[in-house]
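Letter by letter, the chains look like this.
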Amino acid sequence: MASIEVQSLGERNEAYAKVKIRLRPEVKLEQQAAGAWVLQRGSQKLRFTVPAGPLVEMFTSLRIDGVPITWFQKHPNATATLAPKTQINRLAKAGYLREVLVGLDGRERAALQIRDVIDFASEPPIQDHQCELSHNCWARWSEGTLMLESLDSDGAVLVYDMALLFQIFLLADGQSWSEVDQAIHSLLQAWLMRIGVLEQKRKQDGKRSREKWEFHDMVIHARSRRGFHRDGYGATFVHLNPHQQPTKRNVSKYEEFVLERPVSACRFTTITFADVLQKRKSIRRHSDSAIPLRALGEFLFWTFRERERQRINGEEFSFRLYPAAGCLHEISVYLIVQNCSGLPRGLFRYEPAGHILSLIAPFEPALASVADSAAQTCGFEGTPHVIVLLTAQIAKVSRKYEAIAYSLVLKDVGVIYHAMYLVASALGLAPCALGGGGFADLSQWTGLSPWDEAQVGEFLVGAAANKEGEDLELSEHN
Ligand SMILES: Cc1cc2nc3c(=O)[nH]c(=O)nc-3n(C[C@H](O)[C@H](O)[C@H](O)COP(=O)(O)O)c2cc1C
């Protein structure tokens with residue numbers, strides 16, 4: 001197969017001649033029957049045919065070792081549909097490619113990964129303006145490489161060569177790059193400016209409006225929206241490993257409480273849906289008398305219970321009363337029970353398939369302090385009967401949805417919050433959502449790392465007290 005010769009363009013262009021366009025590491029390109037090619041990333045496959053001519057040469061090089069950027073100077077017709085520049089730009093914009101600076105020893109020194117057209121300029125642009133590190137940039141270690149990115153672009157520069165890295169920080173410190181090959185210097189500076197890690201020195205012009213956001217919120221938002229995300233967007237299945245087991249819970253159960261299943265939904269026939277919507281409100285006080293187990297069981301039954309399981313394409317899916325992104329139902333339900341007639345005080349896990357509450361820790365001071373801080377979060381009067389804690393196996397969502405996993409989990413939490421509000425209101429219970437909670441509150445009892453099962457939601461529910469402080473009678477059902 002034809003391999004492409006790197007042209008030498010003289011001293012200043014030395015580095016530029018070593019820039020190659022390569023496939024991103026997770027992308028595979030294969031040639032099949034005559035003229036047919038397949039590009040694959042995770043579960044996404046792009047099939048196309050390549051007519052004889054320079055495009056075959058280009059795709060062959062791309063598959064083997066990458067296409068030197070100087071090769072495109074031989075094929076300048078950028079506007080024609082079948083011109084190499086047009087075709088390579090389509091792949092670049094779709095996020096399959098990266099530009100790589102290759103050292104004399106053939107090793108990668110740095111790479112630009114960006115979902116944008118390639119700059120085919122015959123020389124690295126001369127960067128003579130004063131620049132500085134952006135306030136919106138960050139660096140992180142990713143698979144043995146330092147990755148620099150910013151909130152101004154979806155792109156990233158990967159630095160494999162520590163000497164180059166050092167130069168970047170010298171530059172940010174206002175020092176010169178005179179020691180470095182000028183062409184490499186210009187190229188790197190252009191890359192870093194393109195992705196917003198370096199920016200032209202600007203006068204103090206006050207805070208830009210988006211800087212009023214918390215930095216981490218901006219990162220989550222930017223990286224979970226189409227066009228500004230990193231890597232694959234949506235159901236890519238790129239992290240799918242068929243051998244990967246779901247997170248194992250190794251929780252010893254003290255006791256199981258199989259809850260009564262309401263024989264009918266007749267409790268709901270005494271109240272219209274419109275009344276439930278009208279009645280719903282946040283209530284930050286519970287009755288002096290305990291919530292009966294029957295009422296708590298009914299709340300769980302109409303909120304969290306599994307409706308059915310279905311096997312679809314060899315995979316088992318749980319269907320619940322509320323929707324969930326991808327039907328993954330990554331959220332688990334724990335309850336800190338403080339005052340329920342029929343249950344001991346302690347930490348329980350709800351099993352949606354069996355409609356069972358499993359006691360996993362008897363009440364102890366550490367649980368009480370989690371409960372107290374939940375009560376403080378909403379200025380609760382007295383002791384809440386039950387604190388619902390929601391945890392999520394975020395990796396389960398990430399395996400399928402890559403860039404948007406965390407944002408989907410938070411949306412799922414919102415769905416569950418509203419389901420709890422409506423069911424509690426229909427049952428005459430007192431609900432209140434909480435806007436935050438601990439990072440690792442449950443780990444000591446579940447034995448799971450907060451990264452395996454992340455706490456993502458908190459909610460209080462209990463028997464309602466009327467305005468005068470008397471307990472409201474829970475009407476009998478059936
Ligand atoms: C996502 C979310 C987070 C909330 N966080 C809290 C909270 O931390 N403390 C609190 O007292 N109420 C919290 N609430 C309840 C709101 O304050 C309440 O819904 C709002 O004041 C409107 O009152 P209403 O629910 O009675 O209509 C939260 C509600 C939602 C939906």
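Please read these numbers as outputs of a predicted model, since none were measured by experiment.

The rules behind the values
Residues numbered from 1 in each chain as written. Predicted model: local features only at pLDDT ≥ 70, side-chain atom pairs only at ≥ 80, totals over all residues. Helix = DSSP H or I, 4+ residues; strand = E, 2+ residues; numbered from the N terminus. Buried ≥ 20, exposed ≤ 12 C-beta atoms within 10 Å, placed from the backbone. Contact = placed C-beta atoms within 7 Å. Near = placed C-beta within 6 Å. Nonpolar A, V, L, I, M, F, W, Y, C, P; charged D, E, K, R; others polar. Pairing = 2+ DSSP bridges. Axes fitted to C-alpha atoms, helices over the stretch in contact; angles between N-to-C directions. Parallel < 35°, antiparallel > 145°, perpendicular 65-115°, else oblique. Left-handed = near helix turned anticlockwise from the far one by under 90°. Arc of directions from axis to C-beta. Core = buried A, V, L, I, M, F, W, Y, C linked by C-beta atoms within 7 Å. pLDDT = per-residue confidence, 0-100.

Within the chain, the regular secondary structure consists of twelve helices and 23 strands. Split into buried and exposed, the 478 residues of the chain put 36% on the buried side. Taking the contacts inside the chain whose residues are at least 6 apart along the sequence as the reference set, 72% of them involve residues at least 24 apart.

Next up on the list: the site of the ligand. Around the ligand, the neighbouring residues are Lys281, Ser282, Thr377, Cys378, Tyr417, Cys432, Ala433, Leu434 and Gly435. With three residues, the single largest contributor to the shell around the ligand is strand S22 (residues 429-434). Here the shell around the ligand is composed, by residue class, of five nonpolar, three polar and one charged.

Here we take up the sheet that holds strand S4 (residues 44-49). The strand order across the open sheet formed by three strands is S2-S3-S4, and the pairing between neighbours is antiparallel. Strands at the two margins of the open sheet, each flanked by one partner only, are strand S2 (28-31) and S4. The mean inter-strand angle of the sheet, taken between neighbouring strand axes irrespective of direction, is 20°. With four bridges joining them, S2 and strand S3 (residues 36-41) adopt antiparallel strand pairing. From the neighbouring strand, Leu29 faces S3, where its bridge partner is Leu39.

A few words on the pairing of S22. The buried fraction of S22 is high, at five of six residues. Pairing of S22 with strand S23 (residues 454-463), which is carried by six bridges, proceeds in the antiparallel orientation. When the bridges of S23 are listed, Pro431 appears paired with Val461.

Sheet strands line up and pair through hydrogen bonds in the backbone, either parallel or antiparallel. The sheet built from seven strands is open, its strands ordered S5-S1-S6-S7-S11-S10-S9 with antiparallel pairing. Each of the sheet's edge strands pairs with one partner strand only, and the pair in question is strand S5 (67-68) and strand S9 (137-142). Of the pairings in the sheet, the one linking strand S7 (residues 108-113) to strand S11 (residues 156-159) comprises four bridges and is antiparallel in character. Note that in S11 the partner of Leu112 across the bridge is Val157.

Next up on the list: the packing of helix H10 (residues 394-401) against helix H11 (residues 405-426). Two elements in contact, H10 and H11, have axes whose closest approach is 8 Å; the angle formed by their N-to-C orientations is 125°. In this view, H10 runs oblique relative to H11, as classed from their interaxial angle. H10 and H11 meet at a crossing whose hand is right-handed. For the pair H10 and H11, contact is made by Ile394, Val397, Ser398 and Tyr401 and by Ala405, Tyr406, Leu408 and Val409, respectively. A class-by-class count of the residues in the contact of H10 with H11 yields seven nonpolar, one polar and no charged.

Attention now goes to the environment of Pro352. Along the chain, Pro352 falls in the loop between strand S19 (346-351) and strand S20 (356-362). Residue class for Pro352 comes out buried when judged on the 20 C-beta atoms lying within 10 Å of it. Along the chain, Pro352 and Arg305 lie 47 residues apart, while their C-alpha atoms are 4.4 Å from each other. Not counting chain neighbours up to four residues away, the residues in contact with Pro352 comprise Phe304, Arg305, Glu306 and Arg320.

Quick reminder: α-helices carry 3.6 residues per turn. Residues three or four places apart thus point the same way. If you check which residues of H10 are buried, you get Lys396, Val397, Arg399, Lys400 and Tyr401. Take H10 and look down its axis: the buried residues cluster within an arc of 165°, on one side only.

Looking now at the environment of Ala371. With respect to the helices and strands, Ala371 occurs in helix H9 (residues 365-377). With 17 residues separating them in the primary sequence, Ala371 and Val388 have C-alpha atoms 9.8 Å apart. Each residue touching Ala371, except ones within four places of it in the same chain, is listed here: Ile336, Gln338, Pro384 and Ile387.

Bridging between S9 and strand S10 (residues 145-150) involves six bridges; their strand directions are antiparallel. Bridge assignment links Ser142 to a residue of S10, and that residue is Thr145. Taking the residues between adjacent antiparallel strands as the criterion, S9 and S10 are bridged by two residues, where Glu143 takes a positive phi near 45°.

Judged by nonpolar contacts, the single largest core of 64 residues is most densely connected at Phe299, Leu335, Val388 and Val461. Residue contributions to this core peak at nine residues, all from H11. Ile21, Trp37, Phe59 and Val159 belong to the second largest nonpolar core, which has 41 residues in total.

With that out of the way, let us pick up the environment of Ala368. Along the polypeptide, Ala368 turns up in helix H9. Linking Ala368 and Val337, residues 31 residues apart in sequence, is a C-alpha distance of 9.9 Å.

To continue, consider the confidence of the model for the chain. Predicted coordinates in regions of low pLDDT should not be interpreted in detail. Confidence along the chain averages 85 in pLDDT terms, with 84% of residues attaining 70 or more. Confidence over residues 1-12 falls short of pLDDT 50; this stretch has 24 contacts with residues more than four positions distant or in other chains.

For Cys327, which is not a glycine, the phi torsion comes out positive at approximately 55°. Within the fold, Cys327 resides in the loop between strand S16 (315-320) and strand S17 (331-337). Owing to 13 C-beta atoms within 10 Å, Cys327 belongs among the partly exposed residues under this scheme. Phi at His329 takes a positive value of approximately 45°, unusual for a residue other than glycine. Tracing the backbone shows His329 in the loop between S16 and S17.

Packing of helix H2 (residues 54-64) against helix H3 (residues 84-93) leaves a shortest axis separation of 10 Å and a crossing angle of 35°. When the axes of H2 and H3 are compared, the crossing they make is right-handed. Contacts from Pro54, Leu55 and Met58 of H2 reach H3 at Pro84, Gln87 and Ile88. Looking at the contact of H2 with H3, its residues break down into five nonpolar, one polar and no charged.

Below, the discussion takes up helix H8 (residues 293-303). Within H8, eight of the eleven residues are buried, leaving the element largely enclosed by the surrounding structure. Along H8, the residues that are buried comprise Ala295, Leu296, Gly297, Glu298, Phe299, Leu300, Trp302 and Thr303.

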